[in-house]
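Structural features, examined
So you can see what is in the structure, the chains are spelled out below.
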Amino acid sequence: MPNERLAIIAGARTPQAKAFGKLTDVNAVQLGVAALEATLQRAKVAAEQIDEVIFGNVAGPPDAANIARVIALTAGIPFDRIAHTVNRNCASGMEAIVSAWLAIDSGRANLCIAGGSESMSQIPLLVRESTKRKLMSLRRAKSLTARLKTLLSLRTDDLRPLAGVELGLTDPTCGMNMGQTAELLAEEFSISREEQDEFAVASHRKAIEASKKCFLSGEIIPVRNPDDLLKMDVGPREGQSMNQLAKLRPIFSDKGTVTAGNSCPLTDGATALLLAAESYASRITHEPLGFVSDYAIAGCDPRRMGLGPVFATAKLLQQTGLELNDFDLIEINEAFAAQVLACIQAMGSTSFARDYLHRDTPVGTVDLDKLNVHGGAIALGHPVGASGARLVLTMARALRDRGLHRGLVTLCVGGGQGFAMMIEA
């Protein structure tokens, strides 16, 4: 671990909107720039004071390969400051924070911006290999006859694109998409459709309550799209009911229980945090939002990637000597209701602890009154490259708002990993 706690001096995020909706025409660079600039404004720090910028991103826009660098320069960070992009799937935003912490601890930087940005709306449609070969032949053809021959070889299937987002949400090592892994957990842990829908309703209810209390607006900065100025998340539904959710069909298995209503939506959004070592942060502010004091990353079976938080949390508790009930608030990213409910069961299971975690006692009982108190990704959305940073920002603010001391932020990671982070006020 680094020698000092990592201070979260300030942070901001864009509204989060369902893909192909309100932020469709705002790309990942623009989202990241908005979050970065707002963070600097809130901290009253000039762009020239930033030493390094690190952003998480999963989709990798083809026109901004190192998106962190593009975001940094577009936001006015001097060109002699460095920037890089990280990708640990859903934990990319947390990976960016840890990367900044290590850069600061090594002496490479004093002030860093870390966060994540994702436009799932703008993940490209792809062409098939056969189509690519034909199009390359068309481009290289030197005569009209050769061009016509290539054009005539095109078939209907050649014109049917492949959805990049669908490919990205399928794990190539186990051949399962993320929803199918949630269905597997629902079956193995005997989690009913009703339990999942109840969890989803609660997520929306808490998000709406947090919005009405203006808690979420304290971290959101408006973003302009071609039609208007978006000021709040697009996702939380006031009055979301069990009856409404019961009408939705399973989307990953005909006989399954995972639906669009008890899963997180595809989402666009960005988050940025201003970070420094605890001792250096006192030069910027006397009251940071909070501190990152420890973290753990663990691997697990890709088919059961949703259990990643259990493995990572167990590792974090072992490192710190703490118990689960030592945390005042807990955030488990809501990729799927079934996945979070499976984590809760696994954390409280002695047999799971012995069989999979090499410990004699369970991780602990999750107090539902401490869990995702402002709603989670089912309501708020999950812009994959940004969610880790968003969770950390929300947790730091929640601890401060409630006068609490210690929080656990954890999420599952596509491909079979878990990330857990300890946040302190």
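None of the values given here were measured: they were computed from a predicted structure.

Criteria and cut-off values
Residues numbered from 1 in each chain as written. Predicted model: local features only at pLDDT ≥ 70, side-chain atom pairs only at ≥ 80, totals over all residues. Heavy atoms only, no water. Axes fitted to C-alpha atoms, helices over the stretch in contact; angles between N-to-C directions. Helix = DSSP H or I, 4+ residues; strand = E, 2+ residues; numbered from the N terminus. Parallel < 35°, antiparallel > 145°, perpendicular 65-115°, else oblique. Contact = heavy atoms within 4.5 Å. Phe/Tyr/Trp six-rings, centres within 6.5 Å; stacked < 30°, edge-to-face > 60°. Buried < 20%, exposed > 50% of the residue type's maximum accessible area, 1.4 Å probe, protein only. Lys NZ or Arg CZ within 6 Å of the ring centre and 35° of its normal. Left-handed = near helix turned anticlockwise from the far one by under 90°. Nonpolar A, V, L, I, M, F, W, Y, C, P; charged D, E, K, R; others polar. Patch = residues over 30% accessible without salt bridge, like charges linked within 9 Å, V, L, I, M, F, W, Y side chains within 5 Å. Areas by Shrake-Rupley, 256 points an atom, 1.4 Å probe, with all protein chains shown as cover. Salt bridge = Lys/Arg side-chain N within 4 Å of Asp/Glu carboxyl O. Polar contact = N/O pair within 3.5 Å; in protein donor to acceptor, adjacent residues only side chain to side chain. Core = buried A, V, L, I, M, F, W, Y, C linked by side-chain atoms within 4.5 Å.

**Observations concerning the packing of helix α11 (residues 308–320) against helix α13 (residues 350–357)**
Angle between the axes and distance between the axes: these two values describe a pair of packed helices. One way to put it is that α11 packs onto α13 with a least axis distance of 12 Å and a crossing angle of 80°. Here α13 runs roughly perpendicular to α11, going by the angle between their axes. Contact with α11, carried on its side by Val 310, Phe 311 and Ala 314, involves Phe 352, Tyr 356 and Leu 357 of α13 and no other residues of that element.

**Digging into the packing of aromatic side chains**
Under the counting rule described, the total for this entry stands at five aromatic pairs. Taken together, a centroid distance of 6.3 Å and an interplanar angle of 80° make the contact between Phe 252 and Phe 336 edge-to-face. In this pair, Phe 252 sits in the loop between α9 (242–246) and β10 (267–277) while Phe 336 sits in the loop between β12 (329–332) and α12 (337–347), placing the two residues 84 residues apart along the sequence. Residue Phe 252 is classed as partly exposed on the basis of its relative accessible area of 27%. Here the aromatic residues Trp 101, Tyr 295 and Phe 419 are joined through ring pairs into a cluster of three or more. Sitting over the ring of Phe 291, Arg 5 keeps its end group 3.9 Å from the ring centre. When the ring centre of Phe 215 is taken as reference, the NZ or CZ atom of Arg 397 above it lies at 4.2 Å.

**Comments concerning the packing of helix α1 (residues 28–43) against helix α2 (residues 67–74)**
Direction vectors running N to C along α1 and α2 enclose 55°, while the axes themselves pass 9 Å from each other. On the basis of the axis angle, α1 is oblique to α2. Of the two elements, α1 crosses α2, and the hand of that crossing is right-handed. Across the interface between the two elements, Ala 28, Val 29, Gly 32, Val 33, Leu 36 and Glu 37 of α1 pack against Ile 67, Val 70, Ile 71, Ala 72 and Thr 74 of α2. Of the residues that constitute the contact of α1 with α2, the class distribution is eight nonpolar, two polar and one charged.

**Observations concerning a nonpolar patch on the surface**
Taken together, the side chains of Leu 144, Leu 148, Leu 151 and Leu 152 define a hydrophobic patch exposed on the protein surface, amounting to about 420 Å² of accessible area. With respect to the secondary-structure elements, Leu 152 resides in helix α5 (residues 144–152).

**Here's the deal with the side chain of Gln 339**
Among the secondary structure elements, Gln 339 is positioned in helix α12. One polar contact links the side chain of Gln 339 to the main-chain carbonyl oxygen of Gly 306, over a distance of 3.4 Å. Here the side chain of Gln 339 touches Ala 335 through a polar contact of 3.2 Å, landing on its backbone nitrogen. Every residue in contact with Gln 339, bar those within four places of it in the chain, is listed here: Leu 185, Gly 306, Pro 309, Ile 332, Asn 333, Glu 334 and Cys 412.

**Remarks on the side chain of Ser 117**
On the secondary structure map, Ser 117 appears in strand β5 (residues 112–119). Take Ser 117: its relative accessible area is 1%, and that puts it in the buried class. A polar contact of 2.6 Å, which involves the side chain of Ser 117, links it to the backbone oxygen of Ala 28. When near neighbours in sequence (up to four residues on either side) are disregarded, Ser 117 contacts Ala 28, Leu 31, Gly 32, Phe 55, Gly 56, Asn 57, Ile 71, Gly 269, Ala 270, Gly 385 and Ala 386.

**Structural notes on the environment of Asn 66**
With respect to the secondary-structure elements, Asn 66 resides in the loop between β3 (52–56) and α2. Using a relative accessible area of 30% as the deciding quantity, one classes Asn 66 as partly exposed. Considered as a pair, Asn 66 and Ala 83 are 17 residues apart in the sequence and their alpha carbons are 8.2 Å apart. Here Asn 66 is in contact with Ala 83, His 84 and Thr 85, once residues within four sequence places are set aside.

**Section: the environment of Ile 54**
By the element assignment, Ile 54 lies in strand β3. Judged by its relative accessible area of 0%, Ile 54 is buried. Spatially, the C-alpha atoms of Ile 54 and Glu 188 are 38 Å apart, while their sequence positions differ by 134 residues. Not counting chain neighbours up to four residues away, the residues in contact with Ile 54 comprise Ala 68, His 84, Val 86, Ala 96, Ser 99, Ala 100, Ile 113, Ala 114 and Gly 115.

**Some thoughts on the nonpolar core**
Membership of the largest hydrophobic core comes to 49 residues, with the highest contact counts inside it found for Leu 307 and Val 310. Top contributing element to this core by residue count: α12, with nine residues. Excluding anything up to four places from it in sequence, Val 310 contacts Cys 343, Ala 346, Met 347, Phe 352, Leu 357 and Val 363. Judged by nonpolar contacts, the second largest core, of 44 residues, contains Val 292, Ala 379, Ala 389 and Val 409.

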